[in-house]
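# Structural features, examined
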Amino acid sequence: MIRGAKIPDVPAINELITENAERGLMLFRPLGDLYEKVRQFVVWDEDGRVIGCCALEIVWRDLAEVKSLAVHRDARGRGIGARLVEAVQAEAVRLGLDRIFALTREQAFFEKRGFGVVPKESLPHKVWSDCVKCPRLHDCDEVAVCKPLTEAGRRDLALAVARVTDPASAGAVAEGELFDVFPG
Ligand SMILES: CC(C)(COP(=O)(O)OP(=O)(O)OC[C@H]1O[C@@H](n2cnc3c(N)ncnc32)[C@H](O)[C@@H]1OP(=O)(O)O)[C@@H](O)C(=O)NCCC(=O)NCCS
C-alpha cells in the first residue's frame, strides 16, 4: 500500500536511493536531508517493508519536482513506480500546483504517465541547484520531462518552451493562440 513516509522509514528510503545512486541512476541524498524532507515522501509499504519511494518538492508557486523515485529491483514491473508517481501527482493537484516535472533517464516510463520532454532551459534556474552537486554536471544524460496539471499549467509550459525553442512564437503562445507543447 501507498502511504505518507514516517521517520522510521528514512533508513529504507536512504537504502533505495543509495542503491540506485551507486548505479548512476539518481542523485545521492544525505541522510539529514531525508529526515528534514520526510514529509515530501510517499512510500510503498509491503507487509511493513518499504520497497518504493517518491518525493514531491515544491519549486515555485506553480511548479513542483517529482524526485527520488525508486522501486526495489526485486519489485519492479508490478506497477509500483506508476502508483507512486500517481500519488505525488494527486498531492500536487491537491496543493493547487499547475505543473510537475522530473529530471530523469527513464523517459519512456514518464511518457507513459503523460509527461513530455521539454528543454531543460525551460525550467527555472532554481531547479539547477542540485545539478551543481552532481558529478555528471558536464556530462549529463538526464532529460527534463514535464506534465501540466491545469489549463494554466499547459499555457505556462507552452510559453516556457516557446521562449527557449522559438522566441518569435512566444507572443502568440502568451495570447493563447498556441497551447499544446505535447498532446495529453
Ligand atoms: C523507474 C522505476 C521507478 C519504475 O518502477 P516500476 O515499479 O518498475 O514501474 P511500473 O511497474 O510502475 O511500470 C509502469 C509502466 O512503465 C513501464 N516502464 C517501467 N520502467 C520502464 C522503463 N525503464 N522504460 C520504459 N517503460 C518502463 C512499465 O512497462 C509499465 O508499463 P505499462 O503501464 O504499460 O504496464 C524503477 O525502474 C526504478 O526504481 N528504477 C531505478 C531508479 C530510477 O531510475 N528512478 C527514476 C529517477 S527519476
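Our structure is the block above this text.
Residues numbered from 1 in each chain as written. Predicted model: local features only at pLDDT ≥ 70, side-chain atom pairs only at ≥ 80, totals over all residues.

## Points about the overall build of the protein chain
The helix and strand tally for the protein chain stands at six helices and seven strands. For the protein chain, the N- to C-terminal ordering of α and β elements is β-α-α-β-β-β-α-β-α-β-β-α-α. Looking at the protein chain as a whole, 34% of its 184 residues qualify as buried. A fraction of 63% describes how many contacts in the protein chain between residues 6 or more apart in sequence connect residues 24 or more apart. (Helix = DSSP H or I, 4+ residues; strand = E, 2+ residues; numbered from the N terminus. Buried ≥ 20, exposed ≤ 12 C-beta atoms within 10 Å, placed from the backbone. Contact = placed C-beta atoms within 7 Å.)

## Some words on the pairing of strand 7 (residues 143-148)
For strand 7, the buried fraction is high: five of the six residues fall into the buried class. Examined bridge by bridge, strand 6 (residues 116-118) and strand 7 share three bridges and lie antiparallel to one another. When the sheet's bridge partners are listed, V117 is paired in strand 7 with V145. (Pairing = 2+ DSSP bridges.)

## So, the site of the ligand
Around the ligand sit 20 residues in total, of which R76, G81, A82, T104 and A108 are the nearest. Those elements that provide at least two residues to the shell around the ligand are strand 4 (63-71), helix 3 (80-95), strand 5 (99-104) and helix 4 (107-112). Among the residues forming the shell around the ligand, the class breakdown is ten nonpolar, five polar and five charged. (Near = placed C-beta within 6 Å. Nonpolar A, V, L, I, M, F, W, Y, C, P; charged D, E, K, R; others polar.)

## Some thoughts on helix 3
Relative to the 22 Å expected for 16 residues at 1.5 Å per residue, helix 3 spans 23 Å between its end C-alpha atoms, a close match to the ideal helical length. All of the buried residues in helix 3 are I80, G81, L84, V85, V88, Q89 and A92. Where the residues of helix 3 are buried, they touch strand 1 (2-4), strand 2 (41-46), strand 3 (49-60), strand 4, strand 5 and helix 4. One or two steps after helix 3, the chain reaches G96, where phi turns positive at roughly 90°. (Expected span 1.5 Å × (residues − 1).)

## Some thoughts on the sheet that holds strand 4
Read from one edge to the other, the open sheet built from seven strands follows the order 1-2-3-4-5-7-6, with strand pairing classed as mixed. In this open sheet, the two edge strands, each paired with only one partner strand, are strand 1 and strand 6. Averaged over all adjacent pairs, the angle separating strand axes in this sheet is 30°, with direction ignored. Bridging between strand 1 and strand 2 involves three bridges; their strand directions are antiparallel. Across the sheet, residue G4 finds its bridge partner in strand 2, namely V42. Sitting on the sheet, helix 5 (residues 151-165) touches strand 5, strand 6 and strand 7, and the angle it makes with strand 7 is about 150°. (Axes fitted to C-alpha atoms, helices over the stretch in contact; angles between N-to-C directions.)

## Quick look at the environment of L25
Structurally, L25 is set in the loop between helix 1 (10-22) and helix 2 (31-36). What makes L25 partly exposed here is the crowd of 15 C-beta atoms within 10 Å. In the structure, L25 is positioned 45 residues away from A70 in sequence and 9.4 Å away in space, judged by C-alpha atoms. In this view, L25 contacts N20 and R105; residues no more than four positions away in its chain are not counted.

## What to know about the pairing of strand 3
Sheet topology places strand 2 next to strand 3; six bridges connect them, and they run antiparallel. Paired with W44 across the strands is G52, a residue of strand 3. Where strand 2 folds back on strand 3, the antiparallel hairpin that results is connected by two residues, among which D47 adopts a positive phi of roughly 50°. Summarising the sheet, strand 3 and strand 4 pair through seven bridges and their orientation is antiparallel. Along strand 4, the bridge assignment pairs E57 with E65. With antiparallel pairing between neighbouring strands as the criterion, strand 3 and strand 4 make up a hairpin whose turn holds two residues.

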